[in-house]
Structure formats: C-alpha cells, structure tokens
Amino acid sequence: MKLTKKRSEKTDEENQFIGDEYAEEDDSEIQGQKTVENEMEGLYDLMIPPGIPESVIVELVEEFDLEPVSRAANVDIVEVDSREILMLRGDLETVNEAHDYMVKRMHEVVNEAFKSPWVKD
C-alpha cells in the first residue's frame, strides 16, 4: 500500500495545511494500468477500413501474425459517431508491411471485380 498525503482546504499561518491526513491508496489499479501500458509499448494498430473483404483480413492476420482487436474510434461520415473499428495490432515494421500488402490486395480485388459494361473484352 502507498500512503498519499491528503490536503484540507483550510490553512492558517502556523500550519500550511490543517487536517493533513495520510490515506491508503490501492496500488493494484495503478500497477494494473502500468502493466497494460508496458505490454502495449512498441505495438501499433493498423485500422481496417469498412468494406475490406473478410478474405483479405484473414490473409493479413495469418501472413503477418497480427492480433485482431477492436477499438472505439470517431468516424466522421455524416456526423461524428464513436464506433467499434477493427484493428490489427503488431510491431511497427510488421504493421507497415501489412498496410502495403492490404493496399496492393485491394487494388487487385477491385481490378478483378470491376468490369465496365462499356468496355468489350
């Protein structure tokens, strides 16, 4: 347990703070937060935009060994709303490689799927 000093609002000339007390603070919450912060150090999130095919997401997770997580983020479509967004978490180099791969695969998917009705094969 950690003792922290509580200050009262009343002061006078003799005592800087009247009624100073020591209160016990629960360290388990503080240590839990530090542990989570340490585990997250060096990890980055790659946001998966809505509309990415599930097959591409599975390829990213399997090929780059990224951890899928969801995170609340503000999405500005019509109004700014907080929504759960799919993220892939990993180290910076891996996330950058996965981003490049995702963009390349999306170009391939779009070019294969889109057939203009005015262009003859």
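Up top is the structure these notes are about.
Nothing here was measured: the structure is a model prediction, and the numbers come from that model.

Rules and cut-offs
Residues numbered from 1 in each chain as written. Predicted model: local features only at pLDDT ≥ 70, side-chain atom pairs only at ≥ 80, totals over all residues. Heavy atoms only, no water. Helix = DSSP H or I, 4+ residues; strand = E, 2+ residues; numbered from the N terminus. Contact = heavy atoms within 4.5 Å. Pairing = 2+ DSSP bridges. Buried < 20%, exposed > 50% of the residue type's maximum accessible area, 1.4 Å probe, protein only. Axes fitted to C-alpha atoms, helices over the stretch in contact; angles between N-to-C directions. Arc of directions from axis to C-beta. Polar contact = N/O pair within 3.5 Å; in protein donor to acceptor, adjacent residues only side chain to side chain.

Participant: Just to check I follow, could you spell out the environment of S82 for this structure?
Facilitator: Relative to the helices and strands, S82 is located in strand β5 (residues 80-90). Sequence separation between S82 and A72 is 10 residues, and the spatial gap between their C-alpha atoms is 6.1 Å. If sequence neighbours within four positions are ignored, S82 has contacts with A72, A73 and N74.

Participant: Where do I start with the pairing of β5 in this structure?
Facilitator: Looking along a regular strand, one sees side chains alternate from face to face of the sheet. In the sheet, strand β3 (residues 44-47) pairs with β5 via 4 bridges, with the strands oriented antiparallel. Within β5, the residue paired with M47 across the bridge is M87. Note: strand β4 (residues 67-76) against β5, 10 bridges, orientation antiparallel. Bridging from a neighbouring strand, D76 pairs with V80 of β5.

Participant: For this particular structure, what's the right way to read unusual backbone geometry?
Facilitator: Phi is positive for D65, close to 55°, though the residue is something other than glycine. Structurally, D65 is set in the loop between α2 (54-64) and β4. Among the residues examined, D65 registers a relative accessible area of 68% and is labelled exposed.

Participant: Please explain the sheet that holds β3 as it appears in this structure.
Facilitator: Sheet strands line up and pair through hydrogen bonds in the backbone, either parallel or antiparallel. Reading across the sheet, the 3 strands line up as β3-β5-β4 and stay open at both edges, with antiparallel pairing between neighbours. In the strand order of this sheet, the two ends are held by β3 and β4, each with one partner. Taking each pair of neighbouring strands and ignoring which way they run, the sheet shows an average axis angle of 45°.

Participant: Help me out: how do you make sense of α2 in this one?
Facilitator: Owing to its 3.6 residues per turn, the α-helix brings residues three or four apart onto one side. Among all positions in α2, only V56, I57, L60 and F64 are buried. The arc that holds the buried residues of α2, viewed along the axis, is 105°, so those residues lie on one side. Residues of α2 that are exposed and point over 90 degrees away from its buried face: E54 and E62. Phi turns positive, to about 55°, at D65, one or two residues after α2.

Participant: How should the side chain of R89 be read in this particular structure?
Facilitator: Counting through the fold element by element, R89 comes out in strand β5. In this structure the side chain of R89 is engaged in a polar contact, spanning 2.7 Å, whose partner is the side chain of D45. Excluding its chain neighbours within four sequence positions, the residues that come into contact with R89 are M40, L43, Y44, D45, L66, E67 and V69.

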